[in-house]
Amino acid sequence: MKTSARHQLAIAAITIVLCLVITVPLELQRRIVNDALQRHDFHTIGILAVGYFLVAIAQRGIKLAMNVYRSWVSESSTRYLRSTVLGSDRSAGNDWSGSQRGVDISIVLSEADPIGSFVGSSLSEPLLQCGVLASLLVYMTFINSSMALIAVGALTLQMCFVPAMQSAINRRATARILTLRAVSSALNSSPRAVNTPSRQLQMADHVFALNMGIYKIKHLMNFLINGSVHLSMACVLALGGYLVSIGKIDAGSVVACAAGLSKVSDPWGDFVDWFRDLRMTQARYALLRQAELRSKANRIHDVSKRCERRINAGPRGPAHSQID
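To start, this report covers the structure provided alongside it. Every value quoted in this text rests on a predicted model; they were computed, and no experiment measured them. (Residues numbered from 1 in each chain as written. Predicted model: local features only at pLDDT ≥ 70, side-chain atom pairs only at ≥ 80, totals over all residues. Heavy atoms only, no water.)

**Remarks on the overall build of the protein**
(1) Moving on: Tallying secondary structure elements over the protein gives nine helices and zero strands in all.
(2) Moving on: When the helices and strands of the protein are read in sequence order from the N terminus, they spell out α-α-α-α-α-α-α-α-α.
(3) Moving on: For the protein, buried positions account for 39% of its 324 residues.
(4) Moving on: In the protein, the proportion of contacts linking residues at least 24 apart, taken out of those at least 6 apart, comes to 85%.
(5) Moving on: Accessible surface computed for the protein: about 18,100 Å², of which carbon and sulfur atoms make up 64%. (Helix = DSSP H or I, 4+ residues; strand = E, 2+ residues; numbered from the N terminus. Buried < 20%, exposed > 50% of the residue type's maximum accessible area, 1.4 Å probe, protein only. Contact = heavy atoms within 4.5 Å. Areas by Shrake-Rupley, 256 points an atom, 1.4 Å probe, with all protein chains shown as cover.)

Here is the structure:
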């Protein structure tokens, strides 16, 4: 909020506009199919097709503007984080140890980017995906409530395993950051410090194991998400085909619900990615704050030690008066 409050409100306004027009292409698809199968009115079909194209382009244009705006906010936040660390480094002078410089190098070169990148989408992303999900589910309920329930069931199934698997990813990501900080600190320490090649190789192997654990859990989670989406799609097609065969619903409605379900998976997947980034950014920012607080404590401790040594050395004229 300190770096992007006003911009977050502007991005949220763009997001609301995008949510309002998200179901228009689905309705146009439904009418095109129904006109083609029932009325054979090709003039109306052509007008609807042109309208569909124009609405789709407008949606993409709005999303393009929102993404560029988000990127600018993210990069501005990343620059702010880097300037904070670099400004602190300059003010500290030569008092910081090689270990602390290693932590700062890690923060400036790698840790600031994912934290700053999350700022741009921190508010607009959940607002966009929740708005899109709500619009699609309301539209599907308007067409056929049973198909909307199938979509809700698929989302509920994913809620059962996504949070637990993401927590496992976060634990490994936190351990990875701490290990890389230790490697950077060791490389910047004095030659007398414990900095043997075998120790560095052990930490590199540990990072490799952590990364592989993250990849395995992440890809397994994506596999389960995609599986639940395809299961719900099969159920929608089966139910829609049965309702069409008994005359309870038209073919265009089934096409619209199937398209809506495929679109539901996109915002839900993006929302899962946002939740994943939220949890990992929380962990990263907590580590960054801990490093900042430790560095401040170390500088205060160094100043206190110097003052204590000067006081213990006894009165020395003006210098002693300044210390007092």
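Now, onward.
**Description of the pattern of salt bridges**
Two side chains bearing opposite charge may form a pair once their charged atoms approach each other closely.
(1) Moving on: Scanning the entire structure with this criterion turns up one salt bridge.
(2) Moving on: The residue Arg70 makes a salt bridge to Glu125 at a minimum N-O spacing of 2.7 Å. Here Arg70 is found in helix H3 (residues 42–92), whereas its partner Glu125 is found in helix H5 (residues 124–143), with 55 residues between them in sequence. (Salt bridge = Lys/Arg side-chain N within 4 Å of Asp/Glu carboxyl O.)

**What about the packing of helix H1 (residues 5–20) against H5?**
(1) Moving on: With their axes 9 Å apart at the nearest point, H1 and H5 run at an angle of 15° to one another. Between H1 and H5, the angle falls in the class roughly parallel. Crossing of H1 against H5: the hand is right-handed. In contact with Gln8, Ile11, Ala12, Thr15, Ile16, Leu18 and Cys19 of H1, H5 contributes Ser124, Leu127, Leu128, Gly131, Val132 and Ser135.
(2) Moving on: Per-class residue counts for the contact of H1 with H5 are eight nonpolar, five polar and no charged. (Axes fitted to C-alpha atoms, helices over the stretch in contact; angles between N-to-C directions. Parallel < 35°, antiparallel > 145°, perpendicular 65-115°, else oblique. Left-handed = near helix turned anticlockwise from the far one by under 90°. Nonpolar A, V, L, I, M, F, W, Y, C, P; charged D, E, K, R; others polar.)

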